[in-house]
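# What the coordinates show
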Amino acid sequence: MSNIESPTEKPLDPLASEPSRFGDLVGTSAPMKELFAILARVAASDVGMLIEGETGTGKELVAEAIHAASARKGKPFVVCDLAGVTRSLIESELFGHVRGAFTGADRERDGAFAQAAGGTIFIDEIAELEPSAQPRLLRALERRQVKPVGGSVYRDLDVRVIAATNRDLAEEVKAGRFREDLFHRLAVMKVRLPSLRERREDIPLLVDHLLQRAGGNAKLAPEALARLVEHGWPGNVRELKNVLDRSLSLLPPEGERVITPELLGLSDAAAPPAPVDEGFRAAKERVVTAWERAWLSRLLSDARGNVTRAARVGRLDRVHLYRLLRKHNIDVRGGQ
Ligand SMILES: Nc1ncnc2c1ncn2[C@@H]1O[C@H](COP(=O)(O)OP(=O)(O)OP(=O)(O)O)[C@@H](O)[C@H]1O
Ligand SMILES: [Mg+2]
């Protein structure tokens, strides 16, 4: 990915050449780059997938990106969030029902599977599926056929199924709440999205990405970035996005639009305990690395990717700047 020419050194990072984005997902940490490489391969195939990860880690975004990168793009992408559906109606939501199937079913209705015909269905919070409804889904996946609730005719199914959960589904199986055979069917391909705490080095890139998406010309003060890198992020990327959106709404519409640590409104209570177990050096290294990356990205984008100019403005030796850019895997063209 990096097009920085350097006559002297080879990249130290074995993942340096792996892309740092997949669809709308960005990330430069090792687990995310590994994930992006897997997702690219999965998208090209037509297998189903199970995505595990805490709330706000980007599970739905992964499903969307897989669909968009697959041969099914252009066909429907249907989201079915089982946490938002009354339990007794989950089966009808997924498979539809015929008229008179149950009290209140006064007309026939298509389910999510029928709506997704030819495309992809994203079943969110799959652990909410009651044991009584699980055999129907298993049959749909195994025989590739679905039948509406109350109906008698099976229809062929041409849908890719991507399921997600913020629980550990294998644990749900052990606890007897989820059928083992269905679990194995869904988890032919299983990926886990790491929490934001496990990949703090992604924060500067995510911040750039989210600020860009929000539009406007706001920038983040280095101390504010340091604060973001230190935060505990129980709500993961969604929480980061909310914090940035809120800060942006507090900025003056004109003039210098710089987000200060105070504007972030992160209370100290939400901050993680100082990672003392990590040791002073490692903790400092982490914050400094994140700060360095954000500073260099800004420098380079202000210089419109012109390294010579960036070196002059940043008062850095050009060779040294090249080395730093490569260390952070910053693409010279885009300035990231
Ligand atoms: N790697 C990423 N790069 C860019 N944006 C991301 C990334 N991960 C998550 N987001 C953004 O964070 C927000 C939350 O993502 P998403 O809705 O996919 O999470 P989720 O895992 O489905 O959460 P939940 O379990 O609460 O439903 C979205 O606005 C999404 O665009
Ligand atoms: Mg979701």
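All values derive from a computational prediction rather than experimental measurement.

The next point concerns the site of ligand 1. Close to ligand 1 lie 18 residues, the nearest being Val26, Thr55, Gly56, Lys59 and Arg238. Take Thr55: an N or O atom from its side chain is 2.5 Å from an oxygen atom of ligand 1. Protein contacts shield 85% of the accessible area of ligand 1, which totals 630 Å² for the unbound molecule. Of all the secondary-structure elements, those providing two or more residues to the shell around ligand 1 are strand E2 (25-26), helix H2 (59-68), helix H8 (203-214) and helix H10 (236-250). Its residues assigned to classes, the shell around ligand 1 comprises 6 nonpolar, 5 polar and 7 charged.

Another aspect to go through is the side chain of His97. Within the fold, His97 resides in the loop between helix H3 (90-95) and helix H4 (112-115). By relative accessible area, which is 7% here, His97 ends up buried. In this structure the side chain of His97 is engaged in a polar contact, spanning 3.1 Å, whose partner is the backbone oxygen of Arg107. If near-sequence neighbours (up to four positions away) are discounted, His97 is found in contact with Ser92, Phe102, Ala105, Arg107, Glu108, Arg109, Pro148 and Val149.

Within the element layout of this structure, Lys59 appears in helix H2. Notably, Lys59 is buried but unbridged: the nearest opposite-charge side chain belongs to Glu125, and the N-O separation is 5.4 Å. Reaching out from Lys59, the side chain makes a polar contact with the backbone oxygen of Glu54 at a distance of 3.0 Å. In this view, Lys59 contacts Ile51, Glu52, Gly53, Glu54, Phe122, Ala164, Thr165, Asn166 and Leu193; residues no more than four positions away in its chain are not counted.

Before going further, it helps to examine the packing of helix H12 (residues 280-302) against helix H14 (residues 318-327). At a minimum axis separation of 10 Å, H12 and H14 run at an interaxial angle of 120°. Judged by the inter-axis angle, H12 sits oblique to H14. For H12 against H14, the interelement crossing comes out left-handed. Of the residues in H14, those in contact with Glu292, Leu296, Leu299 and Leu300 of H12 are Leu321, Leu324, Leu325 and Lys327. Grouping the amino acids of the contact of H12 with H14 by side-chain chemistry returns 6 nonpolar, no polar and 2 charged.

Taking 1.5 Å per residue as the helical rise, H12 with its 23 residues ought to reach 33 Å, and the 33 Å between its terminal C-alpha atoms agrees with that figure. Packed against the buried residues of H12 are H8, helix H9 (222-230), helix H13 (307-313) and H14. Phi turns positive one or two residues past the end of H12, at Arg304, with a value near 50°.

With the rule as written, the count across this model stands at 2 aromatic pairs. Plain terms: the ring middles of Phe77 and Phe122 are 6.4 Å apart, the flat faces sit at 15° to each other, and that makes the pair stacked. Placement of the pair is Phe77 in strand E4 (residues 77-81) and Phe122 in strand E5 (residues 120-124), with a sequence separation of 45 residues. Seen from their ring centres, Phe95 and Phe113 are 5.4 Å apart, and the 10° between their planes marks the pair as stacked. Taken together, the residues span a long stretch of sequence, with Phe95 in helix H3 and Phe113 in helix H4 at a distance of 18 residues.

It is worth spelling out the packing of H8 against H10 at this point. Packed helices, taken two at a time, are described by the angle between their axes plus the distance between the axes. At a minimum axis distance of 10 Å, the contact between H8 and H10 shows a crossing angle of 50°. Comparing the axis directions of H8 and H10 gives the class oblique. Classified by chirality, the crossing of H10 by H8 is right-handed. For the pair formed by H8 and H10, the contact residues are Leu206, Val207, Leu210, Leu211 and Ala214 on the first element and Val237, Leu240, Lys241, Leu244 and Leu248 on the second. Split by residue class, the contact of H8 with H10 holds 9 nonpolar, no polar and 1 charged.

Cut-offs used in this document
- Residues numbered from 1 in each chain as written.
- Chains lettered and ligands numbered in written order.
- Predicted model: local features only at pLDDT ≥ 70, side-chain atom pairs only at ≥ 80, totals over all residues.
- Heavy atoms only, no water.
- Near = heavy atom within 4 Å.
- Polar contact = N/O pair within 3.5 Å; in protein donor to acceptor, adjacent residues only side chain to side chain.
- Areas by Shrake-Rupley, 256 points an atom, 1.4 Å probe, with all protein chains shown as cover.
- Helix = DSSP H or I, 4+ residues; strand = E, 2+ residues; numbered from the N terminus.
- Nonpolar A, V, L, I, M, F, W, Y, C, P; charged D, E, K, R; others polar.
- Buried < 20%, exposed > 50% of the residue type's maximum accessible area, 1.4 Å probe, protein only.
- Contact = heavy atoms within 4.5 Å.
- Lys, Arg positive; Asp, Glu negative; His and termini not counted.
- Salt bridge = Lys/Arg side-chain N within 4 Å of Asp/Glu carboxyl O.
- Axes fitted to C-alpha atoms, helices over the stretch in contact; angles between N-to-C directions.
- Parallel < 35°, antiparallel > 145°, perpendicular 65-115°, else oblique.
- Left-handed = near helix turned anticlockwise from the far one by under 90°.
- Expected span 1.5 Å × (residues − 1).
- Phe/Tyr/Trp six-rings, centres within 6.5 Å; stacked < 30°, edge-to-face > 60°.

Distances and angles like these do not, on their own, reveal function.
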